[in-house]
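# Inside the fold
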Amino acid sequence: MVQRQTDIIQEQCKELVYNVTDDVKSSMAFLDTLQEDLTNLWKRVVKIDFNSAQSQMAIDILEKDWTEDKSINNLQNGSNAILMQMNEHAKRLLTLEMQTANLTLQRCRGDGEASKRHLQMQNIDLKLSQIDHRIDESIKLYDNHRKSNENVLRVYRDALANIARRTHNMSGDIQILSNAQANFRLDMNKFVGQLPKDCSLEKFNGIKLIQVPSLGPLEVYCDNFPNKGPWLVIQKRFNGSENFFRDWTNYRNGFGKLASEFWIGNQALHLLTYKRSMKLHIDMWDIHDRYLYVEYSNFRVRSEIDQYAIEISHHSGNASDALSSHNGMGFSTFDRDNDASSANCAVHHTGGWWYQHCHRADLNGRYSLGMTWYDEFSQEWLQLARVEMKIAPHEL
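Let us look at the structure shown here. Keep in mind it's a predicted model, so treat the numbers as computed, not measured. (Residues numbered from 1 in each chain as written. Predicted model: local features only at pLDDT ≥ 70, side-chain atom pairs only at ≥ 80, totals over all residues. Heavy atoms only, no water.)

## Considering helix α4 (residues 266-273)
What counts here: Only protein chains enter the calculation, and the probe is 1.4 Å; a residue is then buried if its accessible area is under 20% of its type maximum, exposed if over 50%, and partly exposed in between. Numbered from the N terminus, helices here are DSSP runs of H or I no shorter than four residues, and strands are runs of E no shorter than two.
Burial of α4 is extensive: seven of the eight residues sit out of reach of the surface. Those residues of α4 lying buried are Asn 266, Ala 268, Leu 269, His 270, Leu 271, Leu 272 and Thr 273.

So this is what it looks like as structure tokens:
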């Protein structure tokens, strides 16, 4: 709206400038006409001077004759008197014409100044009128805004009053919900506190909910095979459906499905083993479906600060000890190289493991070519088709 008013005012100012320009042009034309009149007057004066010069020449001729004739002398005297009178009349005529021209110029100048003052007054009146108009428009606009703001303020106050009424009515409900939430939290904490810390009390295989210190409830797979269990399964591979070439974050948090192939997660392994004495059991089947197993009575995984390094000892089982050579090594992934080799073993063997130079056992390598265990008896790597890694408290 203000922009529209500004455009209108600019158009009016342009029209005013055009009108003033036309008046100035008219005054200039009038001055040109006056100049032309003065020029014609000067030509008349020059013509009078020319006639006077011709008269003088005639008088000079007569003077020659007058020297021979006395009567001519008298005529000369009379002619001189007439010439003097004519000169006086010419001077008077010239003076009158000059006075007339000066009066005309003064009158033109006066008329020009009056016209200029008149135009200035008109311009001032126009500007005052425009200012009054703009003030009126501003007042109208202010009134409209004031009315609009009053309406908005009225709606806002009504909304606040409505909210206040609802808040007053809801305060009781909020208190009830708060109490219910507190009771639910207490019940949840009590429920979590009653959860088992491992699979030692489970009699059936399947997915169970346990409590992991500093981590909270965690679903795990409990397995009663073989004896000395039940066992908490931390890794399972049997068909290559899950990709084990993962980054550090995936191996830290865990991945896969408990009912299929999975890795429980290095953080959970650390929390399950760092305060309790745990044992590790590994069931393996090679590509010829031959069953092998190993068991380590001491198994522990350090924290992430220590790269989830493995501590393992006291081997037993029908498979040779291929994992003790990895003892003390940090966990390595393709984006976190903690092995002792100049190459990145995780990249080379497409997995994540406690690699050294690079490995004697690699149960997380590419299925099934890279999933291997070194057999000291035959001095060759066994190619595995199925693997299950399990832990249980040492006291079982």
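## Describing the side chain of Ser 332
Our working definition: Polar contact criterion, stated in full: a pair of N or O atoms within 3.5 Å, where within protein one must be able to donate a hydrogen and the other to accept it, and residues adjacent in sequence count only if both atoms are side-chain atoms. Every residue pair with non-hydrogen atoms within 4.5 Å of one another is taken to be in contact.
For Ser 332, the location among the structural elements is in the loop between β8 (310-317) and α5 (345-348). The class of Ser 332 is buried, set by a relative accessible area of 0%. Here the side chain of Ser 332 touches Asn 338 through a polar contact of 2.8 Å, landing on its backbone nitrogen. Beyond its immediate chain neighbours, meaning those up to four positions away, Ser 332 contacts Asp 337, Asn 338, Asp 339, Ala 346, Gly 351, Gly 352, Trp 353 and Tyr 355.

## A short note on unusual backbone geometry
For the peptide bond that leads from Phe 225 to Pro 226, omega is -10°, which places it in the cis range. Residue position: Pro 226 is located in the loop between β2 (216-223) and β3 (231-237). Here the amide bond leading from His 357 into Cys 358 is cis, since omega sits at -15°, within 30 degrees of zero.

## Topic: the nonpolar core
Among soluble globular proteins, nonpolar side chains are generally buried collectively. The cut-off we apply is this: The nonpolar core is taken to be a set of buried Ala, Val, Leu, Ile, Met, Phe, Trp, Tyr and Cys residues, with the residues joined through side-chain atoms within 4.5 Å.
In terms of nonpolar packing, the biggest core is built from 51 residues, with Leu 280, Ile 282, Met 284, Leu 323 and Trp 373 touching the most fellow members. Ignoring any residue separated from it by four or fewer positions in sequence, one finds Leu 280 in contact with Ile 234, Val 294, Glu 295, Tyr 296, Phe 299, Ile 312, Leu 323, Met 389, Lys 390 and Ile 391.

## So, the state of the cysteines
The following threshold applies: The term disulfide is used for any two cysteine sulfur atoms that are within 2.5 Å.
Counted under the stated rule, the structure contains two disulfides. Each sulfur in the disulfide pair Cys 199 and Cys 222 lies 1.9 Å from the other. An S-S torsion of about -70° defines the bridge between Cys 199 and Cys 222 as left-handed. With Cys 199 in the loop between α2 (70-194) and β1 (206-212) and Cys 222 in strand β2, this residue pair connects regions lying 23 residues apart in the sequence. Taken as a pair, Cys 199 and Cys 222 share a single burial class, namely buried. Shown here is the disulfide that connects Cys 345 with Cys 358, its sulfur atoms set 1.9 Å apart. Taking the sign of the S-S torsion, about -80° here, the bridge from Cys 345 to Cys 358 comes out left-handed. One end of the pair, Cys 345, is in helix α5; the other, Cys 358, is in the loop between α5 and β9 (361-362), with 13 residues separating them in the sequence. Ordering the disulfide-forming cysteines of the chain by sequence position, one finds them joined as 1-2, 3-4.

## Some words on a nonpolar patch on the surface
What counts, and what does not: Residues enter a patch when their relative accessible area is above 30% and they make no salt bridge; the linking distance is 9 Å between like charges and 5 Å between nonpolar side chains (Val, Leu, Ile, Met, Phe, Trp, Tyr). Areas reported as accessible are Shrake-Rupley estimates using a 1.4 Å probe. Residue values count occlusion only from the protein chains shown. We count a salt bridge whenever a side-chain nitrogen from Lys or Arg sits within 4 Å of a carboxyl oxygen from Asp or Glu.
On the surface, a nonpolar cluster with roughly 250 Å² of combined accessible area is contributed by Ile 131, Ile 135 and Ile 139. As for its position among the elements, Ile 135 is in helix α2.

## A word on the pattern of salt bridges
Taken as a whole, this structure holds twelve salt bridges when the rule is applied. Across the salt bridge formed by Arg 276 and Asp 198, the nearest N and O atoms sit 2.7 Å from each other. In this pair, Arg 276 sits in the loop between α4 and β6 (278-286) while Asp 198 sits in the loop between α2 and β1, placing the two residues 78 residues apart along the sequence. The buried category is assigned to Asp 198, whose relative accessible area is 7%. Here the residues in one salt-bridge network are Asp 223, Asp 283, Arg 386, Glu 388 and Lys 390, joined through shared partners.

## Some remarks on the side chain of Arg 237
Quick reminder of the rule: Under the convention used here, Asp and Glu are negative, Lys and Arg are positive, and both His and the chain ends fall outside the count.
On the secondary structure map, Arg 237 appears in strand β3. No salt bridge is formed by the buried Arg 237; its nearest oppositely charged neighbour, Glu 261, is found at 4.8 Å. At 3.2 Å, the side chain of Arg 237 and the backbone oxygen of Leu 363 are in polar contact. Of the polar contacts made by the side chain of Arg 237, one reaches the backbone oxygen of Gly 365; its length is 2.5 Å. Discounting residues that sit within four places of it in the chain, Arg 237 has contacts with Phe 244, Glu 261, Leu 363, Asn 364, Gly 365, Arg 366, Tyr 367, Met 371, Ala 385, Arg 386 and Val 387.

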